[in-house]
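A closer look at the structure
Below are the chains, spelled out letter by letter.
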Amino acid sequence: MGTKKSITTEALIGKIAEITAFVDAELEAAGCPLKQQMQIDVAVDELVSNVARYAYGCGTGKITVEFEFDEDSRLAALTFIDEGIPYDPTKKEEPDVTLPVEQREIGGLGIFLVARTMDAMKYRREDGRNILRIEKKI
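These notes cover the structure that comes with them.

Reading the values: rules and limits
- Residues numbered from 1 in each chain as written.
- Predicted model: local features only at pLDDT ≥ 70, side-chain atom pairs only at ≥ 80, totals over all residues.
- Heavy atoms only, no water.
- Helix = DSSP H or I, 4+ residues; strand = E, 2+ residues; numbered from the N terminus.
- Buried < 20%, exposed > 50% of the residue type's maximum accessible area, 1.4 Å probe, protein only.
- Contact = heavy atoms within 4.5 Å.
- Areas by Shrake-Rupley, 256 points an atom, 1.4 Å probe, with all protein chains shown as cover.
- Lys, Arg positive; Asp, Glu negative; His and termini not counted.
- Salt bridge = Lys/Arg side-chain N within 4 Å of Asp/Glu carboxyl O.
- Polar contact = N/O pair within 3.5 Å; in protein donor to acceptor, adjacent residues only side chain to side chain.
- Axes fitted to C-alpha atoms, helices over the stretch in contact; angles between N-to-C directions.
- Parallel < 35°, antiparallel > 145°, perpendicular 65-115°, else oblique.
- Left-handed = near helix turned anticlockwise from the far one by under 90°.
- Nonpolar A, V, L, I, M, F, W, Y, C, P; charged D, E, K, R; others polar.

Quick look at the overall build of the protein
Looking only at helices and strands, the protein features three helices and five strands. Helices and strands appear in the protein in the N-to-C order β-α-α-β-β-α-β-β. Each of the 138 residues in the protein was classed as buried or not, and the buried ones make up 46%. For the protein, the proportion of contacts with a sequence separation of at least 24, taken over those separated by at least 6, is 65%. Total accessible area on the protein is roughly 7,800 Å²; 53% of this is exposed by carbon and sulfur atoms.

This is the structure we're talking about:
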């Protein structure tokens, strides 16, 4: 991949805007169309909020978001890294979106949406860290 930049901050809901602004600046520099930028923004919001809410239990910790862009393939990749409890969102069972809203289980729709709007979503656990990478052609 070509360009690679990152941001590290506390994994807090209040930091989502800062992380999104970082990602948006990189996407705009890469000439990302608005539709794909909005899809990536939704993914950033969902994934960062999940880390903020669940990764560190009652405590708090850090999150690093790495942005990579390859001009030749027009592939943007975001990698979310935290040291929270192990969690692989790619193993989460897809919600049954055909059920009426009142019969659906709570939760899981955000990860489902991320998986559906990105071109790839890969998880690995390495050195005590959750590493989730999403990719989107822009």
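Anyway, onward from the coordinates.
As for unusual backbone geometry
Outside of glycine, negative phi angles account for most residues, and trans bonds account for most peptide bonds. Of note, the phi angle at Arg-74 is positive, near 60 degrees, even though the residue is not glycine. Note that Arg-74 resides in the loop between strand E2 (62–70) and strand E3 (75–82).

A few points about the side chain of Asp-82
If you trace the backbone, Asp-82 turns up in strand E3. Buried within the structure, Asp-82 lacks any salt-bridge partner; Arg-125 is the closest side chain of opposite charge, at an N-O distance of 5.2 Å. In terms of polar contacts, Asp-82 uses its side chain to reach the backbone amide nitrogen of Gly-84, at 2.8 Å. Not counting the four nearest positions on each side in its chain, Asp-82 is found in contact with Val-51, Ala-55, Tyr-56, Lys-62, Gly-128, Arg-129 and Asn-130.

What to know about the side chain of Glu-46
Residue placement: Glu-46 occurs in helix H2 (residues 34–55). Although Glu-46 lies buried, it forms no salt bridge, and the closest oppositely charged side chain, Arg-53, sits 6.2 Å away as judged by the N-O distance. Ignoring anything within four residues of it in the chain, the contact list for Glu-46 reads Gly-110, Ile-111 and Val-114.

Some words on the packing of helix H1 (residues 16–29) against H2
Running from N to C, H1 and H2 point in directions that differ by 150 degrees, and their axes come no closer than 10 Å. In terms of orientation, H1 and H2 fall into the roughly antiparallel class. In this structure, the crossing between H1 and H2 has a hand that is right-handed. Contacts between H1 and H2 involve Ile-16, Ile-19, Thr-20, Val-23, Asp-24, Leu-27 and Glu-28 on the former and, on the latter, Gln-37, Ile-40, Asp-41, Val-44, Asp-45, Val-48 and Ser-49. Grouping the amino acids of the contact of H1 with H2 by side-chain chemistry returns seven nonpolar, three polar and four charged.

Description of the environment of Thr-20
Position of Thr-20 relative to the elements: it lies in helix H1. On the basis of relative accessible area, Thr-20 is assigned to the buried category, the value being 13%. Distance from Thr-20 to Asp-45, taken between C-alpha atoms, is 7.5 Å for residues 25 residues apart in sequence. For Thr-20, the residues in contact, after removing those within four places along its chain, are Asp-41 and Val-44.

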